[in-house]
Amino acid sequence: MINNERYDAIVVGAGHNGLVHACYLAKAGLNTLLLERRDLVGGAAITEEVIPGFKFTTFSYAMSLVRPEIVHDLDLVRHGMMVLPMVKTFQPGLNGEYLLLGSDADANYHEIARHSSADAEAARDLDHIIARLVRALKPWVDRIPPNSLSEDPADIAEMAELRGWFGELDKDVRAMLETFRTKSAAEILDEYFENELVKSLYVSSGIIGSRCSVRDRESGLVWLFHKLGEYDGEPAHWGFHKGGNGGFTQVLARAFEGFGGKVLLSARVSELLYKNARAYGVKLEDGTLLESDIVVSALDPRQTFLGLVDPRDLPDDLVGRIKDFKFQGTAAKVNFALKDVPSFPGLEGREDIFMGFTNLGPSIDYYMDAWADCEAGRISRRPFLDCCIQSTLDPDMAPPGKHVMSCFVMYAPYHLAEGDWDSERDRLGDTVQETIEEFFPGFGELILHREIVTPMDIENLIGLSEGNIFAGELFEDQLFLNRPAPGWNQYRTPIEGYYQCGSGTHPGGCVTGAPGWLAAQQVLNDRGEMLSPQSEKV
């Protein structure tokens with residue numbers, strides 16, 4: 001093992017944000033070391049060949065929110081980045097009804113009109129106002145947020161700019177932002193639509209990975225957050241990376257090494273090294289000491305502030321805030337290797353319907369029943385499933401004629417009222433399988449293998465506290481000025497030279513790369529202030 005080597009920067013955690021961050025530092029000329037606890041990079045964005053020939057996106061499974069600036073700055077296409085469009089969204093019902101949407105807006109209008117002509121008109125109106133709101137929000141999403149507690153003139157000016165921006169929004173856009181802040185996803189959709197299947201198509205984005213129901217206020221902002229992405233310049237569209245999300249993180253790893261960076265695997269960091277509130281390196285579990293004046297944690301806020309650092313050396317208000325930071329994971333994954341694609345009555349033989357997301361949750365009541373189980377501390381007996389048969393998009397994910405199916409499961413609470421996740425694992429898999437069978441008769445006969453990933457697995461394998469896939473809930477009191485804590489939302493920490501760049505920082509979770517990108521701007525800006533022009537390397 002390396003011992004007492006010195007680097008310009010050390011990044012802890014080789015998830016996609018850690019990789020993005022490390023790329024920017026290495027590109028700027030810093031001798032950068034990236035440390036990863038596992039034997040592969042990627043964090044939650046990995047692809048694994050669990051059985052021969054079948055490649056599973058074990059955890060995260062789609063892309064939308066990766067910032068185009070990152071792709072350009074790091075020249076990721078040259079390193080193999082290839083995002084395939086997810087061209088369909090299939091919303092089946094339990095009575096043979098369905099919605100099948102694609103990339104053609106006019107065709108989507110007529111598909112919705114099959115169920116309700118009024119809803120088809122309303123969908124156009126809703127999609128339009130959301131697109132305008134997202135365009136208005138993007139400049140603030142893609143910048144280092146202001147510090148609301150700072151007395152620095154620059155931060156005061158930025159807060160004034162933020163208030164001015166809000167006041168200058170078009171009246172209907174400002175009203176829509178307030179609607180997302182104050183109303184649940186279901187409330188909003190009740191105002192626009194009459195058909196349950198149409199409502200269900202939209203509402204699932206309000207609960208993905210979050211401990212809330214579609215009728216809880218928090219679901220409004222969670223829904224809006226998931227609308228902030230884009231694919232190939234198209235807002236709110238999604239894509240699938242060639243080879244899965246693990247293919248994307250391998251692209252980042254190649255870019256990092258191309259910039260001269262170094263990755264050290266199976267290197268779990270036990271503590272930050274600091275003295276007089278100044279970082280000077282890290283200590284690994286095996287006792288190895290690695291020195292650097294810049295250490296950046298891509299871990300979640302609980303680990304960044306309470307795990308690697310002695311909380312007694314941090315301000316009490318920050319420690320209290322991090323202790324209260326909500327993780328409360330409620331999601332699981334079940335991945336299947338299949339002989340063939342499932343068959344939906346009336347659409348037999350239509351493989352194309354699976355070339356995107358398949359949402360198994362046909363009504364608001366269905367979602368609420370699933371939530372009632374979660375509140376009671378048990379796996380939803382009929383869960384909402386966000387599914388994707390990824391081999392229809394990338395045939396290399398499975399052997400010829402075979403398929404892989406990713407199923408994101410809501411709800412699967414980290415804290416169970418009875419039993420534990422070791423004893424409940426198979427029941428989770430059986431419940432998911434039975435639920436799919438309700439929509440796709442004969443599904444069980446197609447299964448060659450299944451992989452069950454519980455919230456406990458997510459915590460133990462990749463270090464996300466309580467299995468929360470966003471490194472902390474995407475609720476209003478944990479976003480923007482408050483992520484992860486007021487006064488510490490600009491990627492710095494109270495320890496000089498110690499920074500944070502994980503999904504627990506602004507703008508938040510999903511495969512965005514934005515926390516890593518924005519944190520790199522802060523680190524390099526601070527470093528430029530510390531160095532004289534003659535000695536500056538960046």
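The structure we're discussing is the one just above.
This text gives an overview of the structure that appears in the document. (Residues numbered from 1 in each chain as written. Predicted model: local features only at pLDDT ≥ 70, side-chain atom pairs only at ≥ 80, totals over all residues. Heavy atoms only, no water.)

Structural notes on the pattern of salt bridges
Next up, step 1: Scanning all chains against the criterion turns up 33 salt bridges.
Next up, step 2: Salt-bridge contacts for aspartate 477 lead to lysine 326; the nearest nitrogen and oxygen are separated by 3.4 Å. Of the two residues, aspartate 477 is situated in the loop between α15 (455-462) and β22 (498-500) and lysine 326 in the loop between α12 (316-324) and β17 (331-338); the sequence distance between them amounts to 151 residues.
Next up, step 3: Arginine 425 serves as the salt-bridge partner of aspartate 457, at 2.8 Å between the closest nitrogen and oxygen. Of this pair, aspartate 457 sits in helix α15 while arginine 425 sits in helix α14 (residues 421-439), placing them 32 residues apart in sequence.
Next up, step 4: Accessibility expressed as a relative area gives 14% for aspartate 457, which makes it buried.
Next up, step 5: Bridged by salt links that share partners, the residues Glu178, Arg181, Arg217 and Glu476 form one connected network. (Salt bridge = Lys/Arg side-chain N within 4 Å of Asp/Glu carboxyl O. Helix = DSSP H or I, 4+ residues; strand = E, 2+ residues; numbered from the N terminus. Buried < 20%, exposed > 50% of the residue type's maximum accessible area, 1.4 Å probe, protein only.)

Description of unusual backbone geometry
Next up, step 1: A cis geometry characterises the amide bond from arginine 483 onward to proline 484, with omega recorded as 0°.
Next up, step 2: Structurally, proline 484 can be placed in the loop between α15 and β22.
Next up, step 3: Backbone torsion omega between histidine 506 and proline 507 reads 5°, so that peptide bond is classified as cis.
Next up, step 4: Here proline 507 is to be found in the loop between β22 and α16 (514-530).
Next up, step 5: Even without a glycine there, the phi angle at aspartate 75 is positive, about 55°.
Next up, step 6: One can find aspartate 75 in the loop between α2 (68-73) and β6 (83-85).

Observations concerning the state of the cysteines
Next up, step 1: Throughout the structure, instances matching the rule amount to zero disulfides.
Next up, step 2: This cysteine, cysteine 510, is not joined by any disulfide, and cysteine 212 carries the nearest cysteine sulfur, 13 Å off. (Disulfide = S-S within 2.5 Å.)

Side note on the sheet that holds strand β15 (residues 289-292)
Next up, step 1: The strand order β1-β15-β14-β13 describes an open sheet built from four strands, whose pairing is mixed. Only two strands of the sheet have a single neighbouring strand rather than two, namely β1 (5-7) and β13 (269-275). Looking at each pair of strands side by side, their axes are set apart by 25° on average, direction ignored.
Next up, step 2: As paired strands, β1 and β15 are joined by three bridges and run parallel to one another. By the bridge assignment for β15, glutamate 5 is matched with leucine 290. (Pairing = 2+ DSSP bridges. Axes fitted to C-alpha atoms, helices over the stretch in contact; angles between N-to-C directions.)

Describing the environment of phenylalanine 166
Next up, step 1: Examined against the element boundaries, phenylalanine 166 turns out to sit in helix α5 (residues 153-168).
Next up, step 2: As a C-alpha pair, phenylalanine 166 and leucine 137 span 29 residues in sequence and 9.8 Å in three-dimensional space.

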